[in-house]
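# Observations on the model geometry
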Amino acid sequence: MEKYNPSSIEKKWQDVWEKQGLYKAKDFDARKKFYTLIEFPYPSGAGLHVGHVRSWSAMDAYSRKKRMEGFNVLYPIGWDAFGLPAENYAIKNKIHPSIAVEKNIETFKRQVKSLGLSFDWSREVNTTDPKYYKWTQWIFLKFFEKGLAFQADVPVNWCPSCKTNLADEEVQPDGTHERCGNPTEKRMQKQWLLKITAYADKLLEDLKLVDYSNKIAVQQVNWIGKSEGVMFRYKVKDMNIHFEMFDTVPQTFMAQTFTVIAPEHPKVYELVKGTEHEKPVMEFVEKIKQKKARKKFDIEKEKEGIFTGRYTEYTPNGKLLPIWVASFVIYEYGTGVVNASVHDERDFAFAKKYNLPLHPVMFPKDPELAEKVKNLEVCYHHEPDGILQEPEEFKGMRWQDARGPIIKYIEQKGFGKRSSQFHLRDWVFSRQHYWGEPIPIIYCRKCWEFKVQSSRLAAKRAKFKVEGRDYRVIDGEEYAIVPVPEKDLPVELPYLEQYEPSGTGESPLAKVTEWVNVACPECGGAARRETDTMPNWAGSNWYFLAYLFASKLDQKSLKFNPSASLRSSTPRSLRRSSRGLSPEGLEEARVQNSKLIKEDNIFEENKDVIKYWMPVDIYQGGFEHTTLHLLYSRFVYKFLYDIGVVPTPEPYAKRRSHGIVLGPDGRKMSKSFGNVINPDDIAGKFGADTLRVYEMFMGPFDQTIAWSEESVEGCFRFLKRVWQLSLTKVSDSKTSAQLLTSLHKAIKKVGEDLENMKFNTAVAAMMEFINSWQADAQGLSKEDLEKFLLILAPFAPHVTEELWQRIKNNESGPSISSSGSREIMNNGENHNSSFIIHNSIHSRSWPSYDPNLLVEGEITIAVQVNGKVRDSINKS
RNA sequence: GGGCGAGUGGCGGAAUGGUAUACGCGGUAGUCUCAAAAACUACUGGUCGCAAGGCCGUGAGGGUUCGACUCCCUCUUCGCCCACCA
């Protein structure tokens, strides 16, 4: 008998499917649409990981079943190729990132294609393609236009030895630079930010509209971290400074006895300027800043502080609260200033250390413990049964019950206002690296000077002048921030031979004066480009939209022409001589430039396609992306919804995540451990079908699991048995009743398990069935074999197609020969040969089961006495 | 410190209130073979027993129930994520 030989059938069918365009999704098809999305890969130099295969095979099986159920399925793939890993890989291997990316994509593509995944390759996108990132930049311009992209001072990781900014991942837990081992520090630098906090409430609320697994939803809720409380506002004694402080436990507002402020707070200097406290306080601030650069600082939780010599005028209890700079106050959360009391563990510990006043207002019922609270021996906090003593109006009330009334009271008295704060921070959106989308902004000195001089605009300026939004200070001079006009997009990334991070903390692009210097699009005067690039998240924010009109992006791979690209990156419109400066002229230029050119807008053009496909029906990805990519892309999509670009408030109707695949030793796969499994090796040895089946069978889809070569062989055996039984144990007579029951049970189980993404038990059910088949004396009828092949097809598409075609050809003529099948591959047509290619198994309908057949002829009844099995009875 | 999840044979795991250990791996014995591999067949939680059969058994303890891996309470171990969030 002919042996099961995957290598002789897999490539053959992959080519046939591709030629037939079997997996192409059809826009506006009358069938119901189904959009399956996997996270598009970053094409690393290491090639395809078995983890990719796990997720993509499973979602492939899912998509194939949906297709068989009559859905118009879209299952696309693309490349997320900008970012730090690509740049570091390029630097290390001394290849230009554009070339490295191209090469890596080629390898990936070959590997992915050899697995027989049903991706629609006609929709492939690449984030580093200028035709693609044109629209990444366009989205940025829209954010800028709506005031949601702005610049602000942000602490960045800085390595003084390498003179470069670092991503958090490059700083080791002890605060040293991963590459050179020297200590790093935090320093403030102007960065672009996207105001994701403006969408915090919507991002939280709209989780109700989607079906995310509990784990994912909970993590998003925690990350957004909404807390409600009261915002107080008080004056600093003898100064024209007011501080706002947020408090989530306003019930104990009468207990506040001192104020603490974060070391990074810019007002700290004002508080101590010119006083005896200036020197020690500013030295303390420096010391803490350096300590905070170390990640371990968080864990040490040491509390240090210093008195500023200033006091808060705290009106509710008429006290003056000493203001201390304290290490544990988080500048980024709330306002960076907090009033402290005995009823908070941190404040309590701090007060004890520096002998600060404390004043309890809430006591436990237990008199012994109450005495300890009164004597300041213990910190008493957040116990629901705490009884308030102050203010007088609420004396004797339970802490928990007093919350609402006290907030009302505080608002009535004018002490503070109800408020909520979020853990979520604005998104730092600029990087001082080469390999990213250039931020489409131009800085113009002339425009700003003119605006300052123009009396009409001066009034406006007083109202709207915001540093980082309207102007930017560069080398001590103010520049207007001018967006690149939409018609001049994309701002192409120039080809650089030297793209290593510069020694100034600036982007390497800053050194390319040819590229940096441009004519201002508004006034035509000499201006300069923004040289920061976008983070690697930028391109992945909207790629699932790009798939919908990929062919219209006019794909071309990113090929640099070193001499031409610098010139071409300065559009003609920016090269013409300066226009006359007048308020009218400037306004006119601004209007012209910001106009959305409808006929040229890809989103506008493809509104109907977007409407047809969105939202994504299921988005499958790694759990590690729950808080960053998933939240970011929801935010960007919601923004696009608000400006009328997309038709739904949420991009993903359903989100699930998968567990990671560990090495055979149970550790994370890594070159340094030598435990990396290459999918090519497995597919080469056992075939792609076996690899796919194994990765679905290895364990529950959402669970972390270690690789096991022995178990791979088990799956190979399974497919071998399917092959052998299909060729030997099929008869023209009817299938026995027992085996038929077994088959229909499998059809039911596999269908339900696929729907619920329980891939492991679906495979087990098919294994169970072939065990019965093997044990059965007579075997399957041809018709029933077809049914079994249909349910196995989503898992093992190649072997099932081969067997399917053989059955069909047996019916209608001579069977397919191995030499004949090679001809299909070569010619793509089946003319003048002795066989016919029948419709692919993958375009057939999912089989149904007969509920009447699920009941076995003979059943076993267990006899239980007091819940214990005592006997069993067989009954027909 | 907070959140989420998990603990079942030698191993990966199945069973979500009703015969615990499906399916796979590994192991033992056998068939085939000059031999090996492959394949096939049977057995494979512990324990007592010649056997029939009994007893024990899902991290530990308690509870609900005719009946609990499954539901509730207490504890414990492990994993992941977040972490001085006022």
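Throughout what follows, the structure given in this document is the object of discussion. From a predicted model like this one, the values you see are computed outputs, not experimental measurements.

Reading guide: rules and limits
- Residues numbered from 1 in each chain as written.
- Chains lettered and ligands numbered in written order.
- Predicted model: local features only at pLDDT ≥ 70, side-chain atom pairs only at ≥ 80, totals over all residues.
- Heavy atoms only, no water.
- Helix = DSSP H or I, 4+ residues; strand = E, 2+ residues; numbered from the N terminus.
- Buried < 20%, exposed > 50% of the residue type's maximum accessible area, 1.4 Å probe, protein only.
- Contact = heavy atoms within 4.5 Å.
- Areas by Shrake-Rupley, 256 points an atom, 1.4 Å probe, with all protein chains shown as cover.
- Pairing = 2+ DSSP bridges.
- Salt bridge = Lys/Arg side-chain N within 4 Å of Asp/Glu carboxyl O.
- Expected span 1.5 Å × (residues − 1).
- Near = heavy atom within 4 Å.
- Polar contact = N/O pair within 3.5 Å; in protein donor to acceptor, adjacent residues only side chain to side chain.
- Core = buried A, V, L, I, M, F, W, Y, C linked by side-chain atoms within 4.5 Å.
- Axes fitted to C-alpha atoms, helices over the stretch in contact; angles between N-to-C directions.
- Parallel < 35°, antiparallel > 145°, perpendicular 65-115°, else oblique.
- Nonpolar A, V, L, I, M, F, W, Y, C, P; charged D, E, K, R; others polar.
- Phe/Tyr/Trp six-rings, centres within 6.5 Å; stacked < 30°, edge-to-face > 60°.
- Lys NZ or Arg CZ within 6 Å of the ring centre and 35° of its normal.
- Disulfide = S-S within 2.5 Å.

Within chain A, the secondary structure is distributed over 31 helices and 29 strands. By the burial criterion, 54% of the 876 residues in chain A qualify as buried. For chain A, restricting intrachain contacts to residue pairs at least 6 apart in sequence, the fraction spanning at least 24 positions comes to 76%. Per element, the accessible surface of chain A, about 39,100 Å² overall, is 49% carbon and sulfur.

A separate point is the pairing of strand 19 (residues 477–483). Across four bridges, strand 17 (residues 441–444) lies against strand 19 in antiparallel orientation. Bridge pairing in strand 19 places Tyr 443 opposite Ile 481. As paired strands, strand 18 (residues 471–474) and strand 19 are joined by four bridges and run antiparallel to one another. When the bridges of strand 19 are listed, Arg 472 appears paired with Tyr 479.

Turning next to the pattern of salt bridges. Counting across every chain of the model gives 44 salt bridges. Here Arg 31 and Asp 29 are joined by a salt bridge, their closest N and O atoms 2.9 Å apart. A relative accessible area of 34% means that Arg 31 is categorised as partly exposed. Here the salt bridges do not stand alone but share partners, grouping Glu 2, Lys 12, Glu 802 and Arg 806 into one network.

Another aspect to go through is helix 27 (residues 737–755). Between the first and last C-alpha of helix 27 there are 27 Å, a value that for 19 residues agrees with the 27 Å anticipated at 1.5 Å per step. Along helix 27, the residues that are buried comprise Leu 739, Leu 740, Thr 741, Ser 742, Leu 743, His 744, Ala 746, Ile 747, Val 750, Gly 751, Asp 753 and Leu 754. Within two residues after helix 27, Met 757 carries a phi angle of roughly 55°, on the positive side.

With that settled, the discussion passes to the protein's contact with RNA strand B. Taken together, 49 residues lie around RNA strand B, and Asp 247, Thr 248, Arg 346, Arg 717 and Met 767 are the ones closest in. Of what RNA strand B places within 4 Å of the protein, 72% of the atoms are sugar or phosphate. Gln 219 is positioned such that a nitrogen or oxygen atom in its side chain is 3.0 Å from a sugar or linking oxygen of RNA strand B. Taking Arg 717, its side chain carries an N or O atom lying 2.6 Å from a phosphate oxygen of RNA strand B.

A separate point is the nonpolar core. A general tendency of soluble globular proteins is for nonpolar side chains to be buried together. Of all hydrophobic cores here, the largest spans 187 residues; its most connected members are Leu 545, Phe 603 and Trp 707. Once residues lying within four places of it in the same chain are set aside, the contact partners of Phe 603 are Trp 135, Trp 138, Ile 139, Trp 542, Leu 545, Phe 549, Ile 610 and Val 645.

Here we take up the packing of helix 27 against helix 28 (residues 759–775). In contact at an axis separation of 8 Å, helix 27 and helix 28 are set at 170° when each is read in the N-to-C sense. In terms of their interaxial angle, helix 27 and helix 28 are classed as roughly antiparallel. Of the residues in helix 28, those touching helix 27 at Leu 739, Ser 742, Leu 743, Ala 746, Lys 749, Val 750, Asp 753 and Leu 754 are Phe 759, Thr 761, Ala 762, Ala 765, Met 766, Phe 769, Ser 772 and Trp 773. Along the lines of polarity and charge, the residues of the contact of helix 27 with helix 28 split into 11 nonpolar, three polar and two charged.

What the five strands build is an open sheet, ordered 2-1-22-23-6; its pairing is parallel. With partners counted over all chains shown, the strands left at the sheet margins are strand 2 (72–74) and strand 6 (211–212), one partner each. Pairing of strand 1 (residues 33–38) with strand 22 (residues 618–622), which is carried by three bridges, proceeds in the parallel orientation. Counted as the bridge partner of Thr 36 is Ile 618 from strand 22. The strands that helix 2 (residues 50–68) touches are strand 1, strand 2, strand 22 and strand 23 (654–658); relative to strand 1, the one it contacts most, it runs at about 175°.

This paragraph deals with the sheet that holds strand 9 (residues 256–261). Across the sheet, four strands lie side by side as 10-11-9-12; this open sheet has mixed pairing. Strand pairing shows two members of the sheet lacking a second neighbour, strand 10 (305–314) and strand 12 (337–341), which therefore form its edges. Neighbouring strand axes in the sheet, compared pairwise and without regard to direction, differ in orientation by 30° on average. Relative to strand 12, strand 9 runs antiparallel, the two being bridged by five bridges. Paired with Ile 261 across the strands is Val 337, a residue of strand 12.

A word on the environment of Tyr 132. With respect to the element layout, Tyr 132 can be found in helix 5 (residues 130–145). Sequence separation of Tyr 132 and Ala 550 is 418 residues, and the distance between their C-alpha atoms is 8.8 Å. With residues near it in sequence (within four places) discarded, Tyr 132 still touches Val 125, Asn 126, Thr 127, Gly 539, Trp 542, Tyr 543, Ala 546 and Leu 553. A polar contact is formed between the side chain of Tyr 132 and the backbone oxygen of Gly 539, at a distance of 2.6 Å.

Let's shift gears to the pairing of strand 8 (residues 242–247). Of the strand pairs in this sheet, strand 7 (residues 226–235) and strand 8 are connected by six bridges, and their pairing is antiparallel. The partner of Met 231 across the bridge, within strand 8, is Phe 246. Hairpin connection from strand 7 to strand 8: six residues lie between these consecutive antiparallel strands, with Asp 238 at a positive phi of about 65°.

What follows is about the packing of aromatic side chains. One pass over the full model with this rule turns up 57 aromatic pairs. Ring pairs connect the aromatic residues Phe 140, Phe 143, Phe 144, Trp 192, Tyr 199, Trp 427, Phe 429, Trp 537, Tyr 632, Phe 635 and Phe 639, which therefore count as one cluster. Cation over ring: Lys 113 sits above Trp 121, and NZ or CZ is 4.9 Å from the ring centre. The lysine or arginine in question, Lys 303, covers the ring of Phe 328, its NZ or CZ lying 5.9 Å from the ring centre.

Looking now at unusual backbone geometry. In this model, Leu 489 is joined to Pro 490 through a cis peptide bond whose omega is 0°. Here Pro 490 is to be found in the loop between strand 19 and helix 16 (513–516). Between Met 614 and the following residue, Pro 615, the backbone shows a cis peptide bond with an omega angle of 0°. Not every positive phi belongs to a glycine, and Asp 238 is a case in point at roughly 65°. Inspection of the secondary structure assignment puts Asp 238 in the loop between strand 7 and strand 8. Not every positive phi belongs to a glycine, and Asp 475 is a case in point at roughly 50°. Here Asp 475 is to be found in the loop between strand 18 and strand 19.

By the secondary structure assignment, Glu 124 is in the loop between helix 4 (97–113) and helix 5. On the basis of relative accessibility, which here comes to 18%, the residue Glu 124 falls in the buried class. A distance of 2.8 Å separates polar atoms of two side chains, one belonging to Glu 124 and the other to Trp 79.

On to the environment of Arg 528. Along the chain, Arg 528 turns up in strand 21 (residues 526–529). Sequence spacing of Arg 528 and Thr 513 is 15 residues, and the spatial spacing of their C-alpha atoms is 8.8 Å. Residues within four places of Arg 528 in sequence aside, it is in contact with Ile 441, Ile 442, Tyr 443, Ile 474, Tyr 479, Val 516, Asn 517 and Val 518.

Bringing the state of the cysteines into the picture now. Covalent bonding between the sulfur atoms of two cysteines defines a disulfide. Going through the model one piece at a time under the given rule, you end up with zero disulfides. The cysteine Cys 520 is free of any disulfide, with Cys 447 supplying the nearest cysteine sulfur at 3.6 Å. A residue is classified by how much of its surface remains accessible, and Cys 520, at 2% relative accessible area, is buried.

Quick look at helix 26 (residues 709–728) now. When the terminal C-alpha atoms of helix 26 are compared, their 29 Å separation across 20 residues agrees well with the 28 Å that a helix rising 1.5 Å per residue should span. Turning to helix 26, its buried residues number three or more, namely Val 712, Cys 715, Phe 716, Phe 718, Leu 719, Val 722, Trp 723, Leu 725 and Ser 726.

Residue placement: Asp 129 occurs in the loop between helix 4 and helix 5. For the pair Asp 129 and Thr 176, spaced 47 residues apart in the sequence, the C-alpha separation amounts to 35 Å. Polar contacts involving the side chain of Asp 129 include one to the main-chain amide nitrogen of Lys 131, which spans 2.8 Å.

Here we come to the packing of helix 25 (residues 688–697) against helix 28. Running from N to C, helix 25 and helix 28 point in directions that differ by 115°, and their axes come no closer than 7 Å. Side by side, helix 25 and helix 28 meet where Val 693, Met 696 and Phe 697 of the first sit next to Phe 759, Asn 760, Val 763, Ala 764 and Met 767 of the second. For the contact of helix 25 with helix 28, a count of residues per class yields seven nonpolar, one polar and no charged.

Remember that the coordinates give geometry; whether it matters functionally is a separate question.
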